[in-house]
2 protein chains.
Amino acid sequence: MEQATRRATIADVAKAAGVSKAAVSFAFNTPDRLNSDTVARIRKVATGLDYRPDPVARMLAQRRTQTIGILTPQALDVIFTNPYFGEFSSGVATAAEAAGMALQFISPLHGSLARAVDRATVDGIIAVGLGRDHPEIAHIRRSSIPFVLVDSTALPNEPAVLVDDEGGAAAAATHLLELGHRRFVVIGIEAPSAGLSADPTADPDWVTSRRLRGYRAAASAAGIDIPDDAVVVGPASMDGGTTALHRAWAAGQRPTAVLAMSDAMAIGALRTARELGLRVPEDLSIVGFDDLDIANYTDPPLTTVHQPNRQKGEESVRLVLDRAHRRDMEPEAPHYFATHLVVRGSTAFVPPSRQEVIDDRT
Amino acid sequence: MEQATRRATIADVAKAAGVSKAAVSFAFNTPDRLNSDTVARIRKVATGLDYRPDPVARMLAQRRTQTIGILTPQALDVIFTNPYFGEFSSGVATAAEAAGMALQFISPLHGSLARAVDRATVDGIIAVGLGRDHPEIAHIRRSSIPFVLVDSTALPNEPAVLVDDEGGAAAAATHLLELGHRRFVVIGIEAPSAGLSADPTADPDWVTSRRLRGYRAAASAAGIDIPDDAVVVGPASMDGGTTALHRAWAAGQRPTAVLAMSDAMAIGALRTARELGLRVPEDLSIVGFDDLDIANYTDPPLTTVHQPNRQKGEESVRLVLDRAHRRDMEPEAPHYFATHLVVRGSTAFVPPSRQEVIDDRT
DNA sequence: ACGGTCACCTAAACCGGTTTGCTAAACCGC
DNA sequence: GCGGTTTAGCAAACCGGTTTAGGTGACCGT
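Residues numbered from 1 in each chain as written. Chains lettered and ligands numbered in written order. Predicted model: local features only at pLDDT ≥ 70, side-chain atom pairs only at ≥ 80, totals over all residues.

Give me the protein's contact with DNA strand C: which residues, what numbers.
Taken together, 25 residues surround DNA strand C, and among them A:Ala22, B:Ile10, B:Ala22, B:Ser25 and B:Ala61 come closest. Where the surface near DNA strand C is concerned, the elements lending two or more residues are α2 (21-29) and α4 (55-62) of chain A together with α2 (21-29) and α4 (55-62) of chain B. A per-element tally of the surface near DNA strand C places α4(B) first, with 5 residues. Considering only residue class, the surface near DNA strand C consists of 12 nonpolar, 7 polar and 6 charged. (Near = placed C-beta within 6 Å. Helix = DSSP H or I, 4+ residues; strand = E, 2+ residues; numbered from the N terminus. Nonpolar A, V, L, I, M, F, W, Y, C, P; charged D, E, K, R; others polar.)

Quick one: what's the story with the confidence of the model for chain A, residue by residue and with numbers?
Interpretation of the predicted coordinates at a detailed level should be avoided for regions scoring low in pLDDT. Across chain A, the average pLDDT comes to 91, with 93% of residues at or above 70. Between residues 356-362 of chain A, whose pLDDT stays under 50, and residues either more than four places distant or in other chains, the model counts 6 contacts. (pLDDT = per-residue confidence, 0-100. Contact = placed C-beta atoms within 7 Å.)

Before we move on, could you go through the environment of B:Thr256 and cite the residues and values that matter?
Residue and element names in this part refer to chain B. Counting through the fold element by element, Thr 256 comes out in the loop between α11 (238-250) and β8 (257-260). The buried category is assigned to Thr 256, around which 25 C-beta atoms lie within 10 Å. For the pair Thr 256 and Val 185, spaced 71 residues apart in sequence, the C-alpha separation works out to 8.3 Å. (Buried ≥ 20, exposed ≤ 12 C-beta atoms within 10 Å, placed from the backbone.)

Summarise the pairing of strand β7 (residues 231-234) of chain B; cite the residues concerned and give the values.
All names here are of chain B. Here β7 shows two buried faces, one formed by Val 231 and Val 233 and the other by Val 232 and Gly 234. For strand β6 (residues 184-189) and β7, the ladder comprises 4 bridges, and the chain directions are parallel. Among the inter-strand pairings, Ile 189 is bridged to a residue of β7, identified as Gly 234. (Pairing = 2+ DSSP bridges.)

So what about the nonpolar core? Which residues, and what values?
Ranked by internal contacts, the top residues of the largest apolar core, which has 178 residues, are A:Ile126, A:Ile187, A:Leu259, A:Ala260, B:Ile126, B:Ile187 and B:Ala260. Aside from chain neighbours lying at most four places away, what touches B:Ile187 is B:Val232, B:Gly241, B:Ala244, B:Leu245, B:Val258, B:Ala260, B:Met261, B:Met265 and B:Ala269. (Core = buried A, V, L, I, M, F, W, Y, C linked by C-beta atoms within 7 Å.)

Which residues make up the pairing of strand β4 (residues 147-150) of chain B, and what are the values?
All names here are of chain B. Here β4 shows no split at all, with Phe 147 and Leu 149 on one side and Val 148 and Val 150 on the other all buried. Judged from the 4 bridges that link them, strand β3 (residues 124-128) and β4 form a sheet pairing that is parallel. Bridge pairing links Ile 126 to Val 148 in β4. Considered for its hand, the β-α-β crossover made up of β3, helix α8 (residues 136-142) and β4 is right-handed. Direction of pairing for β4 relative to strand β5 (residues 160-163): parallel, over a ladder of 2 bridges. Note on β5: the bridge partner recorded for Leu 149 is Ala 160. (Right-handed = clockwise from strand over helix to strand, strands pointing away.)

Describe the protein's contact with DNA strand D, listing the residues and the values that go with them.
In the vicinity of DNA strand D lie 25 residues, with A:Ile10, A:Ala22, A:Ser25, A:Ala61 and B:Ala22 positioned nearest. Secondary structure elements with two or more residues in the surface near DNA strand D: α2 and α4 of chain A together with α2 and α4 of chain B. The greatest single-element share of the surface near DNA strand D, amounting to 5 residues, is contributed by α4(A). In the surface near DNA strand D, the residues fall into 12 nonpolar, 7 polar and 6 charged.

Take a look at the structure:
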């Protein structure tokens, strides 16, 4: 009784309907080429056989996959719990869906990004946060798959989606300086596969370097120095933020304000502050970066640098699709988005009491 | 000068190396079948030509895609910003990576989940949160792609990953009852495409129904009633939680405790409490559900029902891969995970002052 | 009655790999 | 020096669609 349950192929439908494979294909893809009665008949037979064209065969024949890939140097399990990525991907998804494109995530497979790229069946790649030191950039390039770089200035002649990191960072620092703060701790994002390089700012293209330049530019304009030992880094997560600030505190840092390079880390810092018995913003000001949805829901609500996360995602697919369609390869200028400070509740004037504490430290 | 930049195919490599296509294929996949010198030569030629086997052609020939799909009835843009999904997907990614599987997201394409399923090139599907009312379940079934249901009791005879929703919910309610609370507001998750059905508990399989049963079971065991108008629903987001609690308040509800069915909504409720001038937990207790990472970072830290989000993801891929490999289709029992209450700082004894407020209401 | 159009449909090539016989040569023991 | 077994590699079928280049017959005007 039990059928062999092999799916019906286009040949089965053709035979059953007494037409050629081509006719069946036409019936679905370009029905205008067929008599409408024939189309109806073929469609009916197809439905009866529960025919569903094999998407893989279709991809091969058409040489396009209708899929775009999001590539990240970090493993997916960390990516998916990073709300910044969530918002960015959300933007990607919006635009991809509008364009009828499916979405695939490309991340190191057994540790190798190159292998993952080779196995990816995509028409275009959106590569997020690839530093100059990532050799896979060259690999992607050679693969001749259109791509766009996000948050990376590593390849100035390739299409890219960027934000004004330095400007945003400067605005954050300036805000704190205007509130009277002079002693900062900076919480940076560690490079993904930075490997052994102890210096998080070794790569001048890495986001931490860019934002740090912004902080320092504003500070030095006010005659203030942000020394290297006031900079701590960690993974861009809440836990990373908590740990980083604890580490700075343990190392003797007694800031009145914290400049965090991501909201997730800022939320972590918020917790460290509680654990240290510091009230925010009365005892310690904290400003984040990203302006995640959740920045509005913390207590106090987070002062942070806004960047258009979802919009960056949408723009990325626009660029990569653009490039996939007209392959003329004219080098496109990087697309820069503006950033701006959003002042909420986590920053305040520097308290005189804390000022003493600062002078206390040796 | 400029090459035609067509990628080298296996035929090109074969010709250049003076061997057959089969030999090239063997050189990469089953080198044992060839003389090792030949393998080396072929590999060298391939490298020289920058040959990279077309993954699509390979999929077609092998009839497997090495990809698993995560299917959701909601659009991807909402999924990606839902931290519960993030943690679940994180678990999926971990196990998928270990198995060498790529990950694809399947969500309604131009509004149609069925169309999205038909276009998906996956070896297995992990379907999250599909209610009994989703007709696409039948579609997936017919498609003969192995699948596993997550958070859905709609198909008792199919492999599924579930948690003890009722038990967890009962534990949450019991905890509050023991703290003396008697007046609750329940914040539920609205059904995705519930459509016009005003009643969020219309579908007894829907997560909101399951958890509500748990809350009510515990309450009625204590002789307490949770009336329908103490139940408000919204999307499972922070904003959904904020709005829902505001709506309940506006409708005259004056609870001493809030039972939220997701941590995201609980965080939203936390904000509503602040906006209403209520301190948590002094004036209002709030307990969430999910035990997201962030539940540890709110102020106060969130009392919530723990469920193993990542583990559910990992188990899902294990089940679906299992089913894909040995296709014997023996119906497997649903896999249930336990839940348990995690008491943190957002719940406390009901305050006498608030008790008066309650008696105040008309 | 005949060449020309047009509408409709087909045969066959193609996409780029994998896999299944099968053959030819080398090796082997006796 | 002969049958039997390995070893190495090839040709061709195959996966399941799409697409191109015709072919067939009906209709049409003259």
